[in-house]
Amino acid sequence: MTNIFGTGASKIFRDRSVLSSRYMPEELVGRDKEIKELVEIIRPVLHHGEPANAIISGNKGTGKTTVVRYVLKQLIENIEKDDLNVVPVFINCQKINTTSRIIQEILNKVSPEAEVPKTGLSMGRYYRALWKALNETHYTIIVVFDEIELLKNHTILYDLSHAGENMSIEDDIFIGIIGIADDLTFHGQLEQSIVSALQQKNLVFRPYDSDQITQILEKRNTSAFAEGVLNSEIIKLCVELAGEEGNASKVVALLEKAGNIADTLGSGEITQEHFRLANEEMGDSELIRSIEKLPFHSKLVLLSIVKLTNELNDKVTTGQIEALYRKFCEETNTDPLGRTSVSRIVSEFDMEGFISAPVRSRGRYGKTRLVALKKSPHKIVTALHSDYRLNQL
Ligand SMILES: Nc1ncnc2c1ncn2[C@@H]1O[C@H](COP(=O)(O)OP(=O)(O)OP(=O)(O)O)[C@@H](O)[C@H]1O
């Protein structure tokens, strides 16, 4: 009987793990300066000193997490070689974002045998357990908060950075804090007391330019794909299709998708057509994800735009949109938002690229937007109908 996976051999892939988001490249493209800055922040711990704190911010896919992991990996080599009393702790705030869970995570690394109940203790007791473990082990810790904007309560940043001053931990034990944020304004949103406690260095990662994106892809090419599968011309196309925002994750994901399509079709190489298909698939799933995440009122406004442009086969005005939106609110027993909020939602859709909505003057009748859809109405409606509340409309 033939095996349902086929022969298992691929004409396309040599090593798919190279395209996974967890893959750590041996060399990082275009981030020498940022790596150096981060090394300087951490370096004091090599000689029993106090590390600085840092907030790293930058758009998605600019290598923030990768750079931090890269530097920590090398730090761990030093810790092992020189038997240093230093422990890095990496916390993904998407998964762990409450103070008690964060303290437990640090405790797990510092003193795995300490038995601390997962729930039921007061915050003070969680903290005391942590200070005790640090005083006993004499570990200096470097706590990385990835996606720090998802942290439920910022006071942990204050408490960790003040532990030495309020004498909870001995004066030769240090706690370094590194926050990673997609939101470029995150450090500006921290309360003044926390900024004063952290005295952090703010590092901003710029988007990659198209040469850097090309280099990132070329380095993956040789290890991920069999020889001759992907040529430089096609890499150029990948950069043109997805490289504009300087987001390395997006281009690596597109490369993997195109490879999958070529593999499934039994092709011996990745072609322009495979990239076109991969790009279409990626665009669709991004669009669907962002529509599904919209607040309910925004969904109603978007549905109004789609229905009107479809019925009238023309551009529609904000007034027409608002009238249909109000009707939908009535049908779903929802209190409608006011005119200004509806206009704000329409202009957000314009910024997101769902619609084009230039403002037009109507003389003495004021101004309106002339709204046209920029995405397939069919795909938008399908995404909207995944919300059962809109099914009846
Ligand atoms: N300088 C680089 N050289 C090689 N690969 C890189 C580089 N920067 C990023 N990458 C790759 O791009 C992908 C995204 O990187 P990373 O997750 O570090 O970005 P990020 O800025 O933390 O983004 P996000 O905010 O979405 O987590 C990873 O697959 C990573 O390996």
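No experiment lies behind these values; they were computed from the predicted model shown. (Residues numbered from 1 in each chain as written. Predicted model: local features only at pLDDT ≥ 70, side-chain atom pairs only at ≥ 80, totals over all residues. Heavy atoms only, no water.)

Chemist: Teacher, can you tell me more about the overall build of the protein chain here?
Modeler: Assigned secondary structure in the protein chain consists of 15 helices and nine strands. Across the 393 residues of the protein chain, 44% fall into the buried class. Of the roughly 21600 Å² of accessible surface on the protein chain, a fraction of 48% belongs to carbon and sulfur atoms. (Helix = DSSP H or I, 4+ residues; strand = E, 2+ residues; numbered from the N terminus. Buried < 20%, exposed > 50% of the residue type's maximum accessible area, 1.4 Å probe, protein only. Areas by Shrake-Rupley, 256 points an atom, 1.4 Å probe, with all protein chains shown as cover.)

Chemist: Would you take a moment to explain the sheet that holds strand S5 (residues 201-205) for this structure?
Modeler: Think of a sheet as strands paired side by side through backbone hydrogen bonds, with each pair either parallel or antiparallel. Taken in spatial order, the five strands of this open sheet run S2-S3-S4-S1-S5, and their pairing is parallel. Both edges of this open sheet fall to strand S2 (86-92) and S5, since each of them pairs with a single strand only. Neighbour-to-neighbour, the strand axes of the sheet open up by a mean angle of 15°, direction not taken into account. Relative to strand S4 (residues 175-181), strand S1 (residues 54-58) runs parallel, the two being bridged by four bridges. Along S4, the bridge assignment pairs Ala54 with Ile178. Of the strands in this sheet, S1, strand S3 (140-146), S4 and S5 are in contact with helix H1 (residues 32-42), which crosses S5 at around 160°. Lying on the sheet, helix H3 (residues 99-110) is in contact with S2 and S3; it crosses S2 at an angle near 145°. (Pairing = 2+ DSSP bridges. Axes fitted to C-alpha atoms, helices over the stretch in contact; angles between N-to-C directions. Contact = heavy atoms within 4.5 Å.)

Chemist: Just checking my understanding: could you explain the site of the ligand for this structure?
Modeler: Taken together, 19 residues lie near the ligand, and Lys64, Thr65, Thr66, Asp182 and Tyr208 sit nearest. A distance of 2.9 Å separates an oxygen atom of the ligand from a polar atom in the backbone of Gly61. Side-chain polar atom of Lys64 to an oxygen atom of the ligand: 2.7 Å apart, as the coordinates give it. Burial of the ligand by the protein chains amounts to 89% of its free accessible area of 630 Å². Elements represented by at least two residues in the shell around the ligand include exactly helix H2 (64-82), helix H8 (210-224) and helix H10 (248-264). At three residues, H2 tops the list of elements feeding residues into the shell around the ligand. Counting only domains with at least three residues in the shell around the ligand, you end up with domain 1 (31-205) and domain 2 (208-291). (Near = heavy atom within 4 Å. Polar contact = N/O pair within 3.5 Å; in protein donor to acceptor, adjacent residues only side chain to side chain. Domains from an automatic or database assignment.)

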